[in-house]
Amino acid sequence: MSEGMKPAFRKVPSIGKARREISLKNITQVGDVNAVMKAFNQHLHLRLMKDRTVSTNHDYYTAIANAVRDKLAEKWIKTQQHYYQENPKRVYYLSMEFLMGRTLTNTMVNLQMSSIVEEALFQLGLDIEQIEDEENDAGLGNGGLGRLAACFLDSMATLGVAGYGYGIRYEYGIFSQKIDNGWQVEHPEDWLKFGNPWEQSRPEKAYEVQFYGRTDGESWKDAQIVLAIPYDTPIPGYATKTCNSLRLWSASSPKEFDLSYFNHGDYVKAVLDRNTAENITKVLYPNDNFFEGKELRLKQEYFMVSATMQDILRRFKQNVEGGTPVASALWSSLPDMVAIQLNDTHPALAIPELMRVLIDIEGLSWEAAWSICTKIFAYTNHTVLPEALERWAVSMIERLLPRHMQIIFEINHRHLIDVTRSYPGDVTKMQRMSLIEEGGEKRVNMAHLAIVGSHKVNGVSAIHTNIIKNETFKDFCEMTPDKFVNVTNGITPRRWLKLCNPSLAELITKSLDSEDWIRNLSELERLKALDNDEVFLGKVLEIKIANKRSVAAYIKEQYGIEVLPESLFDIQVKRIHEYKRQLMNVLHVVTLYNRIKKNPTANHVARTVIFGGKVSFII
Ligand code: D6G
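The present account deals with the structure reproduced in this document. Worth saying up front: this structure is predicted, and the values here are computed from it rather than measured.

Criteria and cut-off values
Residues numbered from 1 in each chain as written. Predicted model: local features only at pLDDT ≥ 70, side-chain atom pairs only at ≥ 80, totals over all residues. Heavy atoms only, no water. Helix = DSSP H or I, 4+ residues; strand = E, 2+ residues; numbered from the N terminus. Rg over C-alpha atoms; globule rule 2.2 N^0.38 Å. Buried < 20%, exposed > 50% of the residue type's maximum accessible area, 1.4 Å probe, protein only. Contact = heavy atoms within 4.5 Å. Areas by Shrake-Rupley, 256 points an atom, 1.4 Å probe, with all protein chains shown as cover. Lys, Arg positive; Asp, Glu negative; His and termini not counted. Charge placed at Lys NZ, Arg CZ, Asp CG, Glu CD. Expected span 1.5 Å × (residues − 1). Near = heavy atom within 4 Å. Polar contact = N/O pair within 3.5 Å; in protein donor to acceptor, adjacent residues only side chain to side chain. Nonpolar A, V, L, I, M, F, W, Y, C, P; charged D, E, K, R; others polar. Pairing = 2+ DSSP bridges. Patch = residues over 30% accessible without salt bridge, like charges linked within 9 Å, V, L, I, M, F, W, Y side chains within 5 Å. Salt bridge = Lys/Arg side-chain N within 4 Å of Asp/Glu carboxyl O. Phe/Tyr/Trp six-rings, centres within 6.5 Å; stacked < 30°, edge-to-face > 60°. Lys NZ or Arg CZ within 6 Å of the ring centre and 35° of its normal. Axes fitted to C-alpha atoms, helices over the stretch in contact; angles between N-to-C directions. Parallel < 35°, antiparallel > 145°, perpendicular 65-115°, else oblique.

Points about the overall build of the chain
Next up, step 1: Scanning the chain from N- to C-terminus turns up 25 helices and 21 strands.
Next up, step 2: For 619 residues, the compact-globule estimate of 2.2 N^0.38 gives 25 Å, and the chain sits close to it at 27 Å.
Next up, step 3: Over its C-alpha atoms, taken along the principal directions, the chain stretches across nearly 75 × 65 × 50 Å.
Next up, step 4: Within the chain, buried positions represent 48% of all 619 residues.
Next up, step 5: Counting only contacts in the chain whose residues sit at least 6 apart along the sequence, the fraction spanning at least 24 positions is 74%.
Next up, step 6: In the structure as shown, the chain presents an accessible area of about 30,600 Å², 55% of it carried by carbon and sulfur atoms.
Next up, step 7: When the 74 positive and 76 negative side-chain charges of the chain are each reduced to one mean point, those points stand 3 Å apart.

Shown next, in the form of structure tokens:
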């Protein structure tokens, strides 16, 4: 029996003492605990068709995940029904990455059922922490950009905003890292191998996405078709009825994919070739802050954008006219009903795609379509590193998306007329502000496209926004200063405080005599009043040392290294990248070491320096 197969029967109290104490305090309804136990047993028996003698830890995880998921179903259906009835303005967050991590514990927190589930598993004699460990991370992102997307979803649901995440259901997310003889070795992470209890496929809502072909005047002809199948994940808000959706697309080939082989009788080859289409959503590009310029990545971007825009417009039509064709006057109300946030330029093809649909399919004039477009889109810039900025070769876009290339040229033509009007005769400014970079291989500057097609552009911290305003996009900011704003990135305190550090969360709630901080983090300001309170500070230190002991035990178990829990933990965990200055950090460690060597008897603070991170190799 392999390690992973060891049954999670509890020998000692299975959860940390502090965690169980918190659990027990919070349980008010014994009936709720019994109901969870019953649901767990039902899923084990009826869904997995197993009993306790043959079940693996993963089976227990699947059973409890399904029991928790059951609690979401009603909220999810009701929220979505409510959106159809009330028709609020929808906020769409388009992102090529969603770094969701694990869902079970997060769902338990947001549904306020952690204590009940923990107690139910305890009474069933199961080790909850071992079972939680069975869940694979949904690692559909590289770092900050993808985690920001995940945190925004949690916040929108908690605030009751009708928000939707749209992205790609990669079969392989970020690689798993092994260190072999000091070198990183990447392994594919098959996160869907045992199924994903949190997703619900909706094959009835599949769309066709077109690639290649040619333009005939202003229409797109002879394109190849790939199907986009939606998979929905519920996004419950914290302590609210709201449950929003994350919709991720998976590529599938249509029945008639590559008809030529079928027609020539090569049935097996025809079936095998379906993989070409299905490869589109196979793997996440593991680049953090680096533009690779591969055709498959461009396909991924357009695939996500095309399916998403069709879905957004379908929902709009369903709401305004019960699904029947929308009169052209009604299209002008689209910006009142739809806001689309572009997480970096990765989904920026949504701009020419919306233009194409409104003009070529819905019959709107260029002017009407452009006015709608620029009211709907907003663009978040994440980086000013030149090597990270997307600049797709015109020749590649022309081949893959011929009609979009025509539209981008037209957007640029009209944009440059505006530039000339503002700065007559300034040719170098026109060159700098063009969407098309000349000189060498012609390229589309996707940031310029995103800026021109949006009504707001934001940086992600005050300092970053100042750089994009004064340096990176200076010309654009001078021409349209009101477009540029700062929106400092944040994190959800539900996952990153309440869930990660339950003891500290409890102390905060007790000290403030309120749980309001869980929804409104600025409430933490009230802790300032305790900055000299010996009792409070003593408790904070106690919690901190207990947590550091857990980390020390983990490090011992994983790496066989003993660290001093009493030492200062100096931790840098992020993608290994030149601009993140891990090297500078190492030099600092060397400096500290030299200081100790020089003066060993001085009063040095013991320090444990911890690095964590993955490297992406670009070939
Ligand atoms: C989620 C929950 C499901 C609901 C669906 C609506 O999958 O109950 O029917 O969303 O999706 P749209 O019609 O808004 O795309």
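So, the side chain of E301
Next up, step 1: Mapped onto the elements, E301 comes out in helix α11 (residues 295–321).
Next up, step 2: Excluding anything up to four places from it in sequence, E301 contacts M96, H346, E390 and W392.

What to know about helix α3 (residues 57–86)
Next up, step 1: Between its terminal C-alpha atoms α3 stretches 43 Å, which fits the 44 Å expected from 30 residues at 1.5 Å a residue.
Next up, step 2: Once α3 finishes, N87 follows within two positions and takes phi at roughly 50 degrees, a positive value.

Regarding the site of the ligand
Next up, step 1: What surrounds the ligand is the set W76, I77, Q80, Y84, R202, K205, D232, S245, R247, R314 and R315.
Next up, step 2: Here R202 contributes a side-chain N or O atom positioned 3.0 Å from an oxygen atom of the ligand.
Next up, step 3: Within the side chain of K205, an N or O atom sits 3.1 Å from an oxygen atom of the ligand.
Next up, step 4: In the complex, the protein chains occlude 86% of the 380 Å² of accessible area that the ligand would expose alone.
Next up, step 5: Breaking the shell around the ligand down by element, the ones donating at least two residues are α3, β12 (243–252) and α11.
Next up, step 6: Considering each element in turn, the shell around the ligand owes the most residues, 4 residues, to α3.
Next up, step 7: The residue inventory of the shell around the ligand, partitioned by class, reads 3 nonpolar, 2 polar and 6 charged.

What to know about helix α23 (residues 502–512)
Each α-helix turn comprises 3.6 residues. Residues three or four places apart therefore point the same way.
Next up, step 1: Listed in full, the buried residues belonging to α23 are A505, L507, I508, T509 and L512.
Next up, step 2: Against the buried residues of α23 lie α22 (493–499) and α24 (534–559).
Next up, step 3: D513 lies just past α23 and shows a positive phi near 55 degrees.

What about the pairing of strand β13 (residues 338–343)?
Next up, step 1: When strand β1 (residues 90–94) meets β13, the two strands line up parallel, connected through 5 bridges. Residue pairing for β13: L94 is matched across the bridge by L342.
Next up, step 2: Relative to strand β14 (residues 377–380), β13 runs parallel, the two sharing 4 bridges. Across the sheet, residue I340 finds its bridge partner in β14, namely F377.

Notes on unusual backbone geometry
Next up, step 1: One non-glycine residue, N289, lies in the positive phi region at around 55 degrees.
Next up, step 2: Position of N289 relative to the elements: it lies in the loop between α10 (274–278) and α11.

Considering the pairing of strand β11 (residues 224–236)
Next up, step 1: Buried residues dominate β11, accounting for 10 of its 13 residues.
Next up, step 2: Strand direction decides the pairing type here: strand β7 (residues 200–201) and β11, joined by 2 bridges, are antiparallel. Within β11, the position partnered with Q200 by the bridge is D232.
Next up, step 3: Two strands pair when backbone bridges link them, and strand β8 (residues 207–211) and β11 are joined in this way by 5 bridges, in the antiparallel orientation. Along β11, the bridge assignment pairs V209 with V226.
Next up, step 4: Relative to β12, β11 is paired through 10 bridges, and the arrangement is antiparallel. Note that in β12 the partner of A228 across the bridge is A251.
Next up, step 5: Between β11 and β12, which pair antiparallel one after the other, the connecting turn spans 6 residues, and A239 there sits at a positive phi close to 50 degrees.

A closer look at a nonpolar patch on the surface
Next up, step 1: Judged by side-chain polarity, L583, V586, L587, V590 and F611 come together as a nonpolar surface patch covering roughly 460 Å² of accessible area.
Next up, step 2: Tallying contributions element by element places helix α25 (residues 582–598) first for the nonpolar patch, with 4 residues.
Next up, step 3: Mapped onto the secondary structure, L587 falls in helix α25.
Next up, step 4: On the accessibility criterion, L587 (52% relative accessible area) is exposed.

Considerations on the packing of aromatic side chains
Next up, step 1: In this structure the tally under the stated criterion is 11 aromatic pairs.
Next up, step 2: Aromatic side chains Y83 and Y164 sit 6.4 Å apart centroid to centroid with 50 degrees between the ring planes, which places their arrangement in the tilted category. Of this pair, Y83 sits in helix α3 while Y164 sits in strand β4 (residues 163–168), and the two are 81 residues apart along the sequence.
Next up, step 3: The class for Y164 is buried, based on a relative accessible area of 4%.
Next up, step 4: Here the aromatic rings of F291 and W392 are separated by 4.9 Å at their centres, their planes lie at 90 degrees, and the arrangement is edge-to-face. Here the residue F291 occupies a position in the loop between α10 and α11, and W392 occupies one in strand β15 (residues 391–393), the gap between them amounting to 101 residues.
Next up, step 5: Members of the aromatic cluster, each reached through a chain of ring pairs, are Y83, Y92, Y164, Y166, Y207 and W249.
Next up, step 6: Above the face of the F569 ring, K548 is positioned so that its terminal group lies 4.7 Å from the ring centre.
Next up, step 7: Lying over the aromatic face of F175, K614 brings its terminal NZ or CZ to 5.4 Å of the ring centre.

Quick notes on the side chain of T105
Next up, step 1: By secondary structure assignment, the location of T105 is in helix α4 (residues 104–110).
Next up, step 2: Excluding residues that lie within four positions of it along the chain, T105 makes contacts with E132 and L499.

Notes on the packing of helix α14 (residues 350–361) against helix α17 (residues 402–422)
Next up, step 1: Running from N to C, α14 and α17 point in directions that differ by 100 degrees, and their axes come no closer than 9 Å. Taken together, the axes of α14 and α17 are roughly perpendicular relative to one another. Judged by residue contacts, I351, P352, E353, M355, R356 and D360 of α14 engage R403, H404, I407, I408 and I411 from α17.

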